[in-house]
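# Residue-level structural notes
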Amino acid sequence: MNKHMDQSSSSKHTIQDAREIRGKQAKELRQTSHRFELTQHLRSIFVKVKEENTDEKFRKALASGDWNEIRNESVALKRMLDLDAKLKRLSSNTLQHGYEFLESIQPYLEAKKKAEQLQKDLKQYQKAAPSDNLPPREQLIVRDLVIALRMKLHEQDSFLETALQSLQRFSEDRCKDIGQEASLQHSCEFYLQCVDSPQRARIETQMKGKMENMPFERRIEALQIFIQTLVKISPSVRHAEVGRCIETAQHFLNEHHVGDAVQELQKALEYGQNVEIYLKLADCWKLQGNRKEEINALKHVIAGESGSIEPMLRLARIYEDDGDIISTFPIYEDILDRRPDRFLLLTHAARLAFEQKQWPLAIEWFTRILKSKPRSRKTMMRLGVALVQTGQIHRGVTLLQECKRWGMQEAIVELHLGIGYRSQGHFSEARTAFQQAAELAPNDPDILHWMALSYFESGEYDEAERDCRRLLHQNKNPIEGTILLARILNRLGEHQQALELLSPIRESGRRGARLESGLAWLALDRGEEAYEAAKKLIEEDPADPEARDLMAQSCIQTGRFEESFHYLAADSDENPIPA
């Protein structure tokens, strides 16, 4: 019996849960339906407003070139503007722009009329004979008329440009104002459906009475406040208001009022966040040139969008345009995980990783490319270079040797073959590869560095010094080149010159700069300075054998014989390294 009761209770809970789910789904469907209906109405309103575009009507009159038609159109526009002012349909700024246009069009009409009169005056001198056959007096008259006509036409064009700028500004502002009020009025009426019928009639009467004589700005403010009040009491209104804000923002964008569009979208975010809002915000920030906010909006789009990769590509392109290549790699990784079929993007990302020396990513992506294009020499070369750079010498050298067998003669191939051979202990082959690289690119700084190092390690110090100075002359890799040249000078016995060379970078914290400075001081019998250099090196790495040897010799030179025993003895638990 208890089992039967438990089953009955469970069944009731299941039915109740199902009803709640269906109720929630029905509510969401109603809200979506309301928003869609409102959106469609708003779009039709904005289309209708756009059809009243005063800019287009006046430009058509201008295209005809008829002075009377242009004047009549300007008179019609003045009547419309006076009516708008009387009915308080427009903001004070928009009205001001309209009257500025009417003022600026008058000089144009006057100049155009005078130009037409000058053209008529010139016609009476048009004869079958050439103009140079005219009497001298008439030639002077024609010349003066032509000069006056040119000046008047130039003046006319200048007046027209100013007038058209005022007209465009007025037309855009007028569309914005009328569209904004129409959308707010319609939305208020639409939202009032959510209010009880008795209250609805009373509210409508009060609104009409109070707002009838309000100026435009105050009326817009009152409508916005009323909608905000409805939003607080009705989730359906809140949901629909998001749609109204988005559509109004799009209307403002169409009329080139980006700042107003941003305000509408930010208002929409207060009522509910979604991808569409952030995507339009990104468009607005782009138009305003605000890269920081555009990036932030796109990040919100990416966080809320599960399927589309377009916002991700757009964000990556922004980073690339700004030169922030490193920030693109996590984005490209994400895209290529979702869409491994984007081969062109894979190739682009791999090339960027190679250029930015992001070797692990370059290896991963070039390996994928090579599977699809196993005979791509460029891919094989770049993958080989990346492998050598990450210590995967055997595989890297094998790929680079394959590139050479296929006829690829490039300095970068020879250089990294040399680095690979050197890591494998094949110093003769490395020297040959470096020399071949130098023949292909004699001024390449990386090649000069490795050539100098190769000469240094084989004891050819004069040749090493020559290449090292060429490297520093190019101002490439200055710190590494300076340290290497100092090592060479120390071997050549030019200790004072080595010290002078290292002076600017001695406090950079580079181990090589301190070590070579210490060795130079030691050779010049400046034991205390050598001791201080060795001390700093020991603090950084107590087990560094070169630093320990420098410390031992400097201790002997400065009379610290007991201390030197700690560094001359082999490292062991019985001979701890002093702190």
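What you see is a predicted model; the values in this text were computed from it and never measured. (Residues numbered from 1 in each chain as written. Predicted model: local features only at pLDDT ≥ 70, side-chain atom pairs only at ≥ 80, totals over all residues. Heavy atoms only, no water.)

## A short note on the nonpolar core
One finds Ile-277, Leu-281, Tyr-332, Ile-335 and Trp-365 to be the most contacted residues of the largest nonpolar core, which totals 113 residues. Apart from the residues within four sequence positions on either side, Tyr-332 is in contact with Ala-316, Glu-320, Leu-345, His-348, Ala-349, Leu-352 and Trp-365. Membership of the second largest hydrophobic core comes to 20 residues, among which are Leu-62, Leu-102, Ile-105 and Ala-163. (Core = buried A, V, L, I, M, F, W, Y, C linked by side-chain atoms within 4.5 Å. Buried < 20%, exposed > 50% of the residue type's maximum accessible area, 1.4 Å probe, protein only. Contact = heavy atoms within 4.5 Å.)

## What about the environment of Ile-447?
Topologically, Ile-447 is positioned in helix α20 (residues 445–457). Once residues lying within four places of it in the same chain are set aside, the contact partners of Ile-447 are Ala-411, Leu-415, Phe-434, Ala-437, Ala-438 and Ala-441. (Helix = DSSP H or I, 4+ residues; strand = E, 2+ residues; numbered from the N terminus.)

## Focus: the environment of Glu-563
Turning to its location among the elements, Glu-563 is positioned in helix α27 (residues 561–568). Relative accessible area serves as the criterion here: at 25%, Glu-563 is assigned to the partly exposed category. For the pair Glu-563 and Met-551, spaced 12 residues apart in sequence, the C-alpha separation works out to 9.2 Å. Discounting residues that sit within four places of it in the chain, Glu-563 has contacts with Tyr-531, Met-551 and Cys-555.

## With respect to the pattern of salt bridges
Inspection of the entire model under this criterion finds 37 salt bridges. With its nearest N and O atoms 3.3 Å apart, the salt bridge here joins Asp-334 to Arg-338. In this pair, Asp-334 and Arg-338 both sit in helix α13 (residues 328–338), 4 residues apart, roughly one turn of the helix. Residue classification places Asp-334 among the partly exposed residues on the basis of a relative accessible area of 30%. (Salt bridge = Lys/Arg side-chain N within 4 Å of Asp/Glu carboxyl O.)

## Focus: the environment of Phe-58
Within the fold, Phe-58 resides in helix α2 (residues 54–64). In this structure, the C-alpha to C-alpha distance between Phe-58 and Asn-72, residues 14 residues apart in sequence, is 9.8 Å.

Any functional reading would require information beyond the geometric quantities listed.
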